[in-house]
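Chain residues, written in single-letter form:
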2 protein chains.
Amino acid sequence: MALIVQKYGGTSVGTIDRMRNVAARMKRTRDDGNQVVAVVSAMSGITDKLIGMAKEFGDSPAERELDVLLATGEQQSIALVSMALHELGVKALSVTGRQAGIRTSGSHTRGRIEDIDPAFMKKSLDEGNSLVVAGFQGCTLDGMVHTLGRGGSDLTAIAVAAAIKADVCQILTDVDGVYTCDPRVVKNARKLPEISYDEMLELASSGAKIMQSRSVEFAKKYGVVFEVRSSLNDNPGTMVLEEHPAMENVVIRGVSIERSQARVTITNIPDEPGMSGKILGALADAEINIDMILSNTASDGLARHSFTMHSNDLGRAQAALKPVLADISEGAKVETEAGIAKLSCVGIGMRSHSGVAATMFKALGAQDINIGMISTSEIKIAVTVDETRIEDAARAVHDAFHLDQAPA
Amino acid sequence: MALIVQKYGGTSVGTIDRMRNVAARMKRTRDDGNQVVAVVSAMSGITDKLIGMAKEFGDSPAERELDVLLATGEQQSIALVSMALHELGVKALSVTGRQAGIRTSGSHTRGRIEDIDPAFMKKSLDEGNSLVVAGFQGCTLDGMVHTLGRGGSDLTAIAVAAAIKADVCQILTDVDGVYTCDPRVVKNARKLPEISYDEMLELASSGAKIMQSRSVEFAKKYGVVFEVRSSLNDNPGTMVLEEHPAMENVVIRGVSIERSQARVTITNIPDEPGMSGKILGALADAEINIDMILSNTASDGLARHSFTMHSNDLGRAQAALKPVLADISEGAKVETEAGIAKLSCVGIGMRSHSGVAATMFKALGAQDINIGMISTSEIKIAVTVDETRIEDAARAVHDAFHLDQAPA
């Protein structure tokens, strides 16, 4: 008998009939001899509707109250899915974030999970119940309602799995698993049977938006093995787990692409301490996420910084940089380039295999694809290319590393 | 400076604009130099919608889960009304039933308030906040969500007022106050400036459905002075409070009517102990509310029982009585009469004034209205009459006691 956590998103519980499907899957899992805990989101559409009502009272409703409002969405889901289980004769209880012992801290609308007291969940499981836990929500030490921000239900599922020592946590979603590349771009992309936390993290931060990084980080920190799989069928998905030696035999696990990127380059910066801090600080204050960062010093002693961001942020970035540049140097100039995309190759095998960059660049060169910026980590090589060529680039690199073929 | 609790029902918070009206009234109360705590219901329609969804999973959804589901309605209201207050520049916090410290016990969907820990509300008021508390809900000692059943938000308001030692509790509703009789029936009915708890209780149990009895009982038990007033204007309403000596000068405070009543009479019952218990027990088991009860013994030594109930319950009552009668005596017979109504005269002045029944019966006789059953309490005389004559009866009695004129 295994203890299994299953996470269902808003689409999976979006109608009464879909809730019945969730209940039926939970019952199958139970009939196979397992204990099951579902973590569910709000019915799709509800959260947007509630936000719409809140915005009637101004563009920036108080975040404390937004949390109180939005948490009702998941609370409705858990009650209804529990009823769907009862309809099938399955003994079940709903569990709010607070009842699940999910203690949070931090800002409203983006709470952090500090701790989980699983006492109520454990007792209820021991009494033979299946549980339906509200995702996306927790409760502060002094009893205030908190929500966890985007991807919060995944985080709840991972955290609950850690707290109740589940054998596995299934993230049921609209994709079949983690692929070697986006199958809409690379037709012969292959579903991975397993991937390490670190690779998943690099893919998540490189545009493969199956899960948010913090959920994967939480899983890694607490050693929660989780599986990304489809809510529409019973096919096995992709296991995400701590790396093991056999994983290093594969050089590249997957390729991800991220479109709509832009590059900002600032030239003629005096080569003095604190310049980078001023520039990046101004962008951080404007809440602009910077991705790749390059900086170097030219022979004239003046530095240049380049960084990438989502192209939607370009206008705000230019506005935020203007006063800073005026401050640091009269000669400092900003150049921008939109219409670029990022291609990342990820794999822990890179640590023990050389020549990865060479293979990648050769493959791109053979397709006449120009490389812009390059950045690397221990298990990733990322390059920018012209956005019009990103799909060609992905296919070329995918082929070059034979990612369509399962490793021997 | 006074501390004022205001209760707003579902219609008062039924739309975004009505929530704005609630916020505006709270702001006026605050601008007048008071502290204000609103207790709000779910937006009208929400509760029915949620119950409709629950019923998709069967006619009797688990009451524990129904509580979890329904409590979201009030939780949404408190968040949104708080935002409406912020929009007006009023510092405000939402407070769930649990955060208000409302500890409940008893069955799900009809919880009883056991205790209120006002610490969070007091602290928040001291910090200069107006509060918006969720009506209708509480939390058990072990953290389960509870709802309080019909009229639960009134009960919350009274209980919160008691716990925070409010100076007054305003029940804002769609009527202007408590009248000497229903103004739709008696055109010259007069709004009462004040009424005692006991009189309010007798009126509540006699068909004047402004508030549920248990809310009035709670107010009486804890000495909470409350005012029934309109949410649509600023007119003073009716204060409900412990009786004081001057109140006894008025013989009759008000007259109430209750239509759609039915009478059941059982004859030829052996005059032995336990017969009434069997008969009333069977009706209680069938969850039929009995109102007036008369019983006596005829010269032949056989007893007869009569009681009234809502005419909707008549069929179920007959079905419930059938096996009992077969059990107690072969000769026992049931007679029923629908199409009757009840007229009640209520007033604590009855205790010290004689001749009330005589005045009442004379007034009815003068209109040729036949009296059926009669029952009395220390402060009430109730009679049944033919339903077609109930309005005439109400007007006749209202006139006979000069209820249209304020007491000298």
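Residues numbered from 1 in each chain as written. Chains lettered and ligands numbered in written order. Predicted model: local features only at pLDDT ≥ 70, side-chain atom pairs only at ≥ 80, totals over all residues. Heavy atoms only, no water.

Things to note about the UniProt feature "domain: ACT" (unreviewed entry) in chain A
Residue and element names in this part refer to chain A. The UniProt entry lists residues 264-339 and 345-408 under the feature "domain: ACT" (unreviewed entry), expressed in the numbering used here. The span residues 264-339 carries 34% helix and 37% strand; its end-to-end C-alpha distance comes to 12 Å. Span residues 345-408 is 34% helix and 20% strand, its end C-alpha atoms 20 Å apart. (UniProt positions renumbered as here; feature names shortened; annotations may be inferred. Helix = DSSP H or I, 4+ residues; strand = E, 2+ residues; numbered from the N terminus.)

With respect to the packing of helix α2 (residues 46-55) of chain B against helix α3 (residues 63-87) of chain B
Residue and element names in this part refer to chain B. Direction vectors running N to C along α2 and α3 enclose 155°, while the axes themselves pass 10 Å from each other. For the element pair α2 / α3, the angle class is roughly antiparallel. Crossing angle aside, the handedness with which α2 passes α3 is right-handed. Residues I46, T47, L50, I51 and A54 of α2 form the contact with α3, whose participating residues are L66, L69, L70, T72, G73 and Q76. Considered class by class, the residues forming the contact of α2 with α3 number seven nonpolar, four polar and no charged. (Axes fitted to C-alpha atoms, helices over the stretch in contact; angles between N-to-C directions. Parallel < 35°, antiparallel > 145°, perpendicular 65-115°, else oblique. Left-handed = near helix turned anticlockwise from the far one by under 90°. Contact = heavy atoms within 4.5 Å. Nonpolar A, V, L, I, M, F, W, Y, C, P; charged D, E, K, R; others polar.)

With respect to the sheet that holds strand β4 (residues 102-105) of chain A
Residues and elements named next belong to chain A. The strand order across the open sheet formed by four strands is β5-β4-β7-β8, and the pairing between neighbours is mixed. Strand pairing shows two members of the sheet lacking a second neighbour, β5 (112-116) and β8 (145-147), which therefore form its edges. Sheet twist, expressed as the mean angle between neighbouring strand axes with direction ignored, is 50°. Relative to β8, strand β7 (residues 137-140) runs antiparallel, the two being bridged by three bridges. Bridged to Q137 within β8 is T147. Its contacts with the sheet place helix α5 (residues 152-163) against β4, β5 and β7, and it is angled at close to 20° to β5. (Pairing = 2+ DSSP bridges.)

Describing the relation of the copies chain A and chain B
Between the two copies, chain A and chain B, the superposition gives an RMSD of 0.1 Å; the rotation angle is 179° and the shift along the axis is 0.0 Å. What the superposition gives is, in effect, a two-fold axis relating one chain to the other. Across chain A, the smallest distance between a C-alpha and the rotation axis is recorded for A:T72, namely 2.6 Å. Both copies contact each other with a shared surface, as 100% of the interface residues of chain A are interface residues in chain B too. (Least-squares fit on C-alpha atoms with pLDDT ≥ 70 in both.)

Looking at the nonpolar core
If you look at soluble globular proteins, the nonpolar side chains tend to sit buried side by side. Membership of the largest hydrophobic core comes to 70 residues, with the highest contact counts inside it found for A:Y8, A:M26, A:L80, B:Y8, B:M26 and B:L80. Apart from residues no more than four positions distant in its own chain, B:Y8 is found in contact with B:V13, B:V22, B:R25, B:M26, B:A38, B:V39, B:V40, B:S41 and B:L172. (Core = buried A, V, L, I, M, F, W, Y, C linked by side-chain atoms within 4.5 Å. Buried < 20%, exposed > 50% of the residue type's maximum accessible area, 1.4 Å probe, protein only.)

A few points about unusual backbone geometry
A positive phi angle, near 70°, is found at A:T109, a position not held by glycine. For A:T109, the location among the structural elements is in the loop between β4 and β5. In this model, B:H402 sits at a positive phi of 55°, which is unusual for a non-glycine residue. Within the secondary structure, B:H402 sits in the segment after α11 (390-400).

Here's the deal with the confidence of the model for chain A
Across chain A, the average pLDDT comes to 93, with 100% of residues at or above 70. In the model output, the complex is listed with pTM 0.87 alongside ipTM 0.87. (pLDDT = per-residue confidence, 0-100.)

A short note on the domain arrangement of chain A
Here chain A is described as being made up of domain 1 (3-173) and domain 2 (255-400). For domain 1 of chain A versus domain 2 of chain A, the separation of C-alpha centres amounts to 38 Å. (Domains from an automatic or database assignment.)

So, empty space enclosed by the protein
Summed over the entire model, instances satisfying the criterion amount to two cavities of 30 Å³ or more. Of the pockets and cavities examined, the largest cavity occupies roughly 250 Å³. Lining the largest cavity are 19 residues; nearest its centre among them are A:Q75, A:R98, A:V145, B:Q75 and B:R98. Mapped onto the lining of the largest cavity, the elements with two or more residues apiece are α3 (63-87) and β7 of chain A together with α3 and β7 (137-140) of chain B. By residue class, the composition of the lining of the largest cavity is six nonpolar, 11 polar and two charged. (1 Å grid on protein atoms, 1.4 Å probe; cavity = no way out; pocket = protein on both sides within 12 Å on 5 of 7 lines; lining within 4 Å. Points joined across faces, edges and corners; volume = space filled by probe spheres on them.)

Comments concerning the interface of chain A and chain B
The partner chain B presents 39 residues to the 39 residues of chain A that form the contact. Looking only at chain A, the three residues that lose the most surface to chain B are A:F57, A:E65 and A:M83, adding up to 22% of its buried area. At the boundary of chain A with chain B, the tally comes to zero salt bridges. In this assembly, chain A and chain B are joined by 14 residue pairs in polar contact (both at pLDDT 80 or more). Mapped by element, the contributors of at least two residues to the side of chain A that touches chain B are α1 (16-31), α2 (46-55), α3 and β3 (92-95) of chain A. Take the side of chain A that touches chain B: its biggest share by element is 17 residues, from α3(A). When its residues are assigned to classes, the side of chain A that touches chain B shows 24 nonpolar, eight polar and seven charged. (Buried area = accessible area lost by both parts, 1.4 Å probe. Salt bridge = Lys/Arg side-chain N within 4 Å of Asp/Glu carboxyl O. Polar contact = N/O pair within 3.5 Å; in protein donor to acceptor, adjacent residues only side chain to side chain.)

Focus: the packing of aromatic side chains
All names here are of chain A. For the coordinates displayed, the defined rule picks out two aromatic pairs over all chains. Measuring from ring centre to ring centre gives 4.7 Å for F218 and Y222, while their planes differ by 35°; the resulting arrangement is tilted. A residue pair is termed a helical-turn pair when its members lie 3 or 4 positions apart in one helix, as F218 and Y222 do in helix α7 (residues 213-222) at four residues. By relative accessible area, F218 is classed as buried at 15%. A relative accessible area of 42% places Y222 in the partly exposed class. (Phe/Tyr/Trp six-rings, centres within 6.5 Å; stacked < 30°, edge-to-face > 60°.)

A few points about the sheet that holds strand β13 (residues 254-270) of chain B
Residues and elements named next belong to chain B. Spatially, six strands are ordered β14-β15-β13-β16-β18-β17 in an open sheet, and the strand pairing comes out antiparallel. Here the strands that pair on one side only, and so sit at the sheet edges, are β14 (293-297) and β17 (374-377). Between one strand axis and the next, the sheet turns through 30° on average, direction left out of account. With four bridges connecting them, β17 and strand β18 (residues 380-386) associate as antiparallel partners. When the sheet's bridge partners are listed, S377 is paired in β18 with K380. Helix α8 (residues 275-285) contacts β13, β14 and β15 (302-310) of the sheet and is inclined by roughly 20° relative to β15.

Notes on the pattern of salt bridges
Inspection of the entire model under this criterion finds 54 salt bridges over all chains. Note that B:R389 is salt-bridged to B:D392, the shortest N-O span being 3.0 Å. Among the residues examined, B:D392 registers a relative accessible area of 28% and is labelled partly exposed. The structure contains a network of salt bridges with shared partners spanning A:R259, A:R389, A:E391, A:D392 and A:R395.

Quick look at helix α9 (residues 314-328) of chain A
Residue and element names in this part refer to chain A. Here α9 spans 21 Å end to end across 15 residues, near enough to the 21 Å set by a 1.5 Å rise per residue. The sharpest bend along α9 comes to roughly 30°, located at K322, with the proline P323 sitting one to four residues further on. Regarding α9, the residues found buried are L314, A317, A320, L321, V324, L325 and I328. Those residues of α9 that are buried are in contact with β13 (254-270), α8 (275-285), β15 (302-310) and β16 (333-346). (Expected span 1.5 Å × (residues − 1). Bend = angle between axes of the 7 residues up to and from the residue.)

Some words on the packing of helix α6 (residues 197-204) of chain A against α7(A)
Residue and element names in this part refer to chain A. For the pair α6 and α7, the least separation of the axes is 9 Å and the interaxial angle reads 170°. It follows that α6 is roughly antiparallel to α7 by the angle criterion. Across the interface between the two elements, Y197, D198, M200, L201 and A204 from α6 touch S213, V216, E217, A219 and K220 from α7. Grouping the constituent residues of the contact of α6 with α7 by class yields six nonpolar, one polar and three charged.

Points about the side chain of B:T384
Residue and element names in this part refer to chain B. Along the polypeptide, T384 turns up in strand β18. Engagement of the side chain of T384 in a polar contact is seen with the backbone nitrogen of M373, the distance being 2.8 Å. Beyond its immediate stretch of four places on either side in the chain, T384 contacts M292, T308, I340, A341, K342, N370, I371, G372 and M373.

With respect to α11(B)
Residues and elements named next belong to chain B. Along α11, the residues classified as buried are I390, A393, A394, A396, V397 and H398. Check the buried side of α11 and you find it contacts β13, β16 (333-346), α10 (356-366) and β18. At the exit of α11 stands H402, carrying a positive phi of roughly 55°.

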